[in-house]
Structure formats: C-alpha cells, structure tokens
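# What the coordinates show
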Amino acid sequence: MEKTKALVTVIEMARAGLGFTPADALDHIATLIAQEDAQSPFHDRRVEELLRLGACIWSLRRDIVTPG
C-alpha cells in the first residue's frame with residue numbers, strides 16, 4: 001500500500017473508532033516483536049522500528065494523561 005493511501009486509511013479508521021487503545025497497541029507491538037525471526041538479517045532493524053513506534057505511542061498517551 002502506498003504511503004498516502006495508508007495515511008488516509010489510518011485517519012478514516014481512527015475517525016470510525018476502529019483503532020487500538022494505546023495499551024492494546026503496545027501489546028500488539030510486543031506480539032509483533034516476539035514473532036520476528038531472530039535469524040533474519042533485518043531482525044534488529046525491524047525490532048528497533050517497532051520499539052520506536054511503541055515509544056511514540058507511549059509518549060502520545062503520556063502527553064494526553066499528563067500534558068505539559
């Protein structure tokens with residue numbers, strides 16, 4: 001899926017209330033990390049990207065709960 005289409009779809013899903021809660025999103029990221037093949041040459045990069053995504057979700061959640 002091209003980047004623009006992905007972003008439009010994400011926005012539409014969010015508006016329809018179809019997104020994960022932050023806690024569910026973090027759980028899902030942990031599941032995706034556990035499913036990664038440790039022998040893959042892309043393992044470290046993919047895990048780092050998933051962890052960065054998790055960090056983003058955590059920061060957004062924290063900022064909503066305790067702004068400023």
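Everything discussed here concerns the structure shown above.
Let me sum up the structure you'll find in this document. Every chain begins its residue count from 1, and numbering advances along the sequence as written. At least 70 in pLDDT is required for a residue's local features to be given in this predicted model, at least 80 for side-chain atom pairs to be given and counted, and no such filter applies to totals for whole chains, interfaces and linings, which use all residues. Side-chain descriptors were evaluated using all non-hydrogen atoms of the structure, hydrogens and water having been removed beforehand.

### Focus on the pattern of salt bridges
Every case where a carboxyl oxygen of Asp or Glu lies within 4 Å of a side-chain nitrogen of Lys or Arg is listed as a salt bridge. Evaluation of the coordinates by the stated rule reveals three salt bridges. For the salt bridge of glutamate 36 with arginine 46, the shortest nitrogen-to-oxygen distance reads 2.9 Å. Taken together, the residues span a long stretch of sequence, with glutamate 36 in the loop between α2 (22-35) and α3 (43-65) and arginine 46 in helix α3 at a distance of ten residues. Any residue under 20% of the maximum accessible area for its type is buried, any over 50% is exposed, and the rest in between are partly exposed; the area is computed with a 1.4 Å probe on protein chains only. By relative accessible area, glutamate 36 is classed as buried at 17%. Among the residues examined, arginine 46 registers a relative accessible area of 40% and is labelled partly exposed. Measuring nitrogen to oxygen at the nearest pair gives 3.1 Å for the salt bridge that ties glutamate 49 to arginine 45. Here the residue glutamate 49 and the residue arginine 45 both occupy positions in helix α3, the gap between them amounting to four residues, near one helical turn. Since its relative accessible area comes to 46%, arginine 45 is described here as partly exposed. To qualify as a helix, a DSSP run of H or I must reach at least 4 residues; to qualify as a strand, a run of E must reach at least 2; elements of each kind are numbered from the N terminus.

### What to know about the environment of glutamate 36
Sequence separation of glutamate 36 and valine 47 is eleven residues, and the distance between their C-alpha atoms is 7.6 Å. Note on definitions: a residue-residue contact is assigned when non-hydrogen atoms from the two residues lie within 4.5 Å. Excluding residues that lie within four positions of it along the chain, glutamate 36 makes contacts with His43, Arg46 and Val47. At 2.9 Å, the side chain of glutamate 36 forms a polar contact with the side chain of arginine 46. In the analysis that follows, any N or O atom pair within 3.5 Å is treated as a polar contact, provided that within protein one partner can donate a hydrogen and the other can accept it, and provided that, for residues neighboring in sequence, both atoms belong to side chains.

### A short note on helix α1 (residues 3-15)
A helix's residues, less one, multiplied by 1.5 Å, set its expected span. Over its 13 residues, α1 extends 18 Å from the first C-alpha to the last, a length consistent with the 18 Å expected when each residue adds 1.5 Å. One or two steps after α1, the chain reaches glycine 17, where phi turns positive at roughly 75 degrees.

### Thoughts on the side chain of histidine 43
As for its placement among the helices and strands, histidine 43 is situated in helix α3. For histidine 43, a relative accessible area of 18% puts it in the buried group. Setting aside anything within four residues of it in sequence, one finds histidine 43 in contact with Glu36, Asp37 and Ala38.

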